[in-house]
Amino acid sequence: MNQIIVDNRHKIDTACQSCFFALDKYHKAVNTFNEEKRRIAATPYIQQEQERMVNTAADNLKATAQGLYEDIKHNLDTIRAAAGEMESLMDIGEDLQNALSVVKALGASLPGESRIKLVEQFKGQRQALSLLRAAYESAGITSQPYFQDLILNTTNELDALEDEAYRMVAAAGENMMVVVTFGSDLEKFAESLGVDLTKKFREIVDTADALNAQLRAAMGLSASN
């Protein structure tokens, strides 16, 4: 495999791990904020004082969320550069030549499992995938099932991920599903580039409470029911 691909996949893995740990810190900060709100509600202070204390805690949470978002954005910028280099690389190396030769030789008789494996080794390499897709179509193989979600516009994908991450700041603590959505989408994006993640999102962030809260909301139950 081309060393540029190896190095960039490693960079993406490292950046994803940093993002996942930032999400875990945000998750814990939200839990701390919610505990603080419950503590304040149990105090004998007048409502005005309780509101002031909650607002102070909310401001602290937002400042924490802003710092973690900036950390995540820095790592997304690293991923953007690495994915962009992979996307633009044109490497007609031995691996691609062999794959093209196999497709040309076997054509439509190429076994289904082999069709998948030939494609998967070039995840994240837009130029190689485009050539291989053309070879499939030329050989009479319907390309869509094998190339779907693999020939990406990484700029658009990362713009969307950055927007998702910013919701942590825009609505700090309001909906923990922001963490679940962003973490899951980032993991899926990395895997679409052929990155073998050192740790998955849910191995770092415990999302059980967020998913439970969403389920309760869907059932019309409050957090206290």
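Above this text you will find the structure in question.
Not measured: the values here are computed from a predicted model.

Each value, and the rule that gives it
Residues numbered from 1 in each chain as written. Predicted model: local features only at pLDDT ≥ 70, side-chain atom pairs only at ≥ 80, totals over all residues. Heavy atoms only, no water. Helix = DSSP H or I, 4+ residues; strand = E, 2+ residues; numbered from the N terminus. Rg over C-alpha atoms; globule rule 2.2 N^0.38 Å. Buried < 20%, exposed > 50% of the residue type's maximum accessible area, 1.4 Å probe, protein only. Lys, Arg positive; Asp, Glu negative; His and termini not counted. Charge placed at Lys NZ, Arg CZ, Asp CG, Glu CD. Axes fitted to C-alpha atoms, helices over the stretch in contact; angles between N-to-C directions. Parallel < 35°, antiparallel > 145°, perpendicular 65-115°, else oblique. Contact = heavy atoms within 4.5 Å. Salt bridge = Lys/Arg side-chain N within 4 Å of Asp/Glu carboxyl O. Phe/Tyr/Trp six-rings, centres within 6.5 Å; stacked < 30°, edge-to-face > 60°. Polar contact = N/O pair within 3.5 Å; in protein donor to acceptor, adjacent residues only side chain to side chain. Expected span 1.5 Å × (residues − 1). Arc of directions from axis to C-beta. Core = buried A, V, L, I, M, F, W, Y, C linked by side-chain atoms within 4.5 Å.

A. Highlighting the overall build of the protein. Helix and strand counts for the protein stand at 10 helices and 0 strands. Helices and strands appear in the protein in the N-to-C order α-α-α-α-α-α-α-α-α-α. Relative to its length of 225 residues, the protein is extended, with a C-alpha radius of gyration of 23 Å against a globular reference of 17 Å. Dimensions of the protein along its principal axes, counting C-alpha atoms only, are 80 × 35 × 25 Å. Each of the 225 residues in the protein was classed as buried or not, and the buried ones make up 40%. Side-chain charges of the protein comprise 23 positive and 33 negative groups, with the mean position of each set lying 2 Å from the other.

B. View of the packing of helix H1 (residues 3-41) against helix H8 (residues 177-192). Closest axis-to-axis distance for the H1/H8 pair is 11 Å, and the angle between their directions is 170°. By the angle class used here, H1 and H8 are roughly antiparallel. Of the residues in H8, those touching H1 at Ile12, Cys16, Cys19, Phe20, Leu23 and Tyr26 are Val179, Phe182, Gly183, Leu186, Glu187 and Ala190.

C. Representation of the pattern of salt bridges. Going through the model one piece at a time under the given rule, you end up with 9 salt bridges. Ionic pairing is found between Glu87 and Arg126, a salt bridge with its closest N-O pair at 4.0 Å. One end of the pair, Glu87, is in helix H2 (residues 47-88); the other, Arg126, is in helix H5 (residues 126-138), with 39 residues separating them in the sequence. Within this structure, Arg80, Asp159 and Glu162 form a network of salt bridges that share partners.

D. Looking closely at the packing of aromatic side chains. Summed over all chains, the structure comprises 4 aromatic pairs. Considering the side-chain rings of Phe20 and Phe201, the 5.7 Å spacing of their centres and the 55° angle between planes classify their relative orientation as tilted. Placement of the pair is Phe20 in helix H1 and Phe201 in helix H9 (residues 201-204), with a sequence separation of 181 residues. Considered together, Phe20 and Phe201 belong to a single accessibility category, that of buried residues. By way of ring pairs, the aromatic residues Tyr136, Tyr146 and Phe147 are connected into one cluster.

E. Structural detail: the side chain of Arg115. Of note, Arg115 is situated in helix H4 (residues 112-120). Despite its burial, Arg115 remains without a salt bridge, the nearest opposite charge being carried by Glu113 at 11 Å. At 2.7 Å, the side chain of Arg115 forms a polar contact with the backbone oxygen of Ala108. In contact with Arg115, other than residues within four places in its own chain, are Ala108, Leu110, Tyr136, Ile141 and Tyr146.

F. View of helix H3 (residues 94-106). The end-to-end C-alpha distance of H3 is 18 Å, a good match for the 18 Å that 13 residues give at a rise of 1.5 Å each. Three or more residues of H3 are buried, namely Leu96, Ala99 and Val103. Taken down its axis, H3 places every buried residue within 65° of arc, on the same side. Across H3 from its buried face, at more than 90 degrees, point the exposed residues Glu94, Lys104 and Ala105. Against the buried residues of H3 lie H4 and H5.

G. Representation of the nonpolar core. Of all hydrophobic cores here, the largest spans 44 residues; its most connected members are Ile12, Leu23, Tyr26, Ile72, Ile79 and Leu186. Where this core is concerned, the elements lending two or more residues are H1, H2, helix H7 (154-170), H8 and H9. Per-element tally for this core: the top contributor is H1, with 12 residues. For Tyr26, the contacting residues outside a window of four places in its chain are Ala65, Leu68, Met168, Ala171, Ala172, Gly173, Met176 and Val179. Judged by nonpolar contacts, the second largest core, of 16 residues, contains Leu96, Leu110, Leu118 and Val119.

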